[in-house]
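Fold and geometry: a report
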Amino acid sequence: GAGVSQSPRYKVAKRGQDVALRCDPISGHVSLFWYQQALGQGPEFLTYFQNEAQLDKSGLPSDRFFAERPEGSVSTLKIQRTQQEDSAVYLCASSLEVPGTQYFGPGTRLLVL
Amino acid sequence: DAKTTQPPSMDCAEGRAANLPCNHSTISGNEYVYWYRQIHSQGPQYIIHGLKNNETNEMASLIITEDRKSSTLILPHATLRDTAVYYCIAGTDKLIFGTGTRLQVFP
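To start, this report covers the structure provided alongside it.

Conventions used here
Residues numbered from 1 in each chain as written. Chains lettered and ligands numbered in written order. Predicted model: local features only at pLDDT ≥ 70, side-chain atom pairs only at ≥ 80, totals over all residues. Heavy atoms only, no water. Contact = heavy atoms within 4.5 Å. Buried area = accessible area lost by both parts, 1.4 Å probe. Salt bridge = Lys/Arg side-chain N within 4 Å of Asp/Glu carboxyl O. Polar contact = N/O pair within 3.5 Å; in protein donor to acceptor, adjacent residues only side chain to side chain. Helix = DSSP H or I, 4+ residues; strand = E, 2+ residues; numbered from the N terminus. Nonpolar A, V, L, I, M, F, W, Y, C, P; charged D, E, K, R; others polar. Pairing = 2+ DSSP bridges. 1 Å grid on protein atoms, 1.4 Å probe; cavity = no way out; pocket = protein on both sides within 12 Å on 5 of 7 lines; lining within 4 Å. Points joined across faces, edges and corners; volume = space filled by probe spheres on them.

1. Comments concerning the interface of chain A and chain B
Counting residues at the interface gives 20 residues for chain A, matched by 16 residues for chain B. Across the chain A/chain B interface, buried area totals approximately 1400 Å², and carbon plus sulfur atoms make up 57% of it. The shortest N-O distance in the salt bridge between lysine 94 of chain B and aspartate 56 of chain A comes to 3.3 Å. Scanning the region where chain A abuts chain B turns up 6 residue pairs in polar contact (both at pLDDT 80 or more). Of all the elements in the fold, those that place two or more residues in the side of chain A that touches chain B are β4 (31–37) and β5 (44–50) of chain A. In terms of residue count, the dominant contributor to the side of chain A that touches chain B is β4 of chain A (3 residues). Residue composition of the side of chain A that touches chain B, grouped by class: 10 nonpolar, 8 polar and 2 charged.

2. Section: the pairing of strand β4 (residues 45–50) of chain B
Residue and element names in this part refer to chain B. In terms of strand pairing, strand β3 (residues 32–38) meets β4 through 5 bridges, oriented antiparallel. Its bridge partner being in β4, tyrosine 34 is matched across the sheet by histidine 49. With antiparallel pairing between neighbouring strands as the criterion, β3 and β4 make up a hairpin whose turn holds 6 residues, including serine 41 at a positive phi of roughly 70°.

3. Points about the layout of surface pockets
Estimates place the volume of the largest pocket at around 690 Å³. Taken together, 30 residues form the lining of the largest pocket, with Gln37 and Gly40 of chain A together with Gln38, His40 and Ser41 of chain B sitting closest to its centre. Its residues assigned to classes, the lining of the largest pocket comprises 13 nonpolar, 14 polar and 3 charged. Estimated volume of the second largest pocket: approximately 170 Å³. Around the second largest pocket, the lining residues are Ala2, Lys3, Thr4, Thr5, Gln6, Ile96, Phe97, Gly98, Thr99 and Gly100 of chain B. Within the lining of the second largest pocket, the residues separate by chemical class into 3 nonpolar, 6 polar and 1 charged.

The following block contains the structure:
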């Protein structure tokens, strides 16, 4: 079975552009998580879905960050008016249940120039 | 979620056991102890988790103290491919990663 996939793997954006990052979780996994990992740091929690419901968005750094999972499967993390400090690897993870093991995708490396 | 404390780095000779400690003295009764590792430029990889009892799988063993305030991840026969950053996390849903332990396995 396929693992968590993310696209694109790399994204270069000009400051001020909007970007959309996609996550395809493992089929049947109820929960989906987004994390942000800056260079040299551990991943930091952004937001969490159970099916289509966003249960926790306490980690989103500003209102420029928005996540959705409209049908309880694929999720999109959108960043509006990107800034240089948004440059990071964005990781998606899914789990069958909570609490439960989270399986991570390879991440999307975002570079904002 | 409980905060965890790990040594910043450790070395281990190839073929020897690697014992990675973690302190989680403020862990709550319903929080699990999870271990993940991250090899450069890859997403974190799940290793093992436990609540109260010691656990073993094909990758590693997890020893949790009786008071649950600390744990040790054991890689029984470390290989060069085990070189990575190892994260110990105490939690239930969202994972709070610290800075982890950078394990270097040398020949």
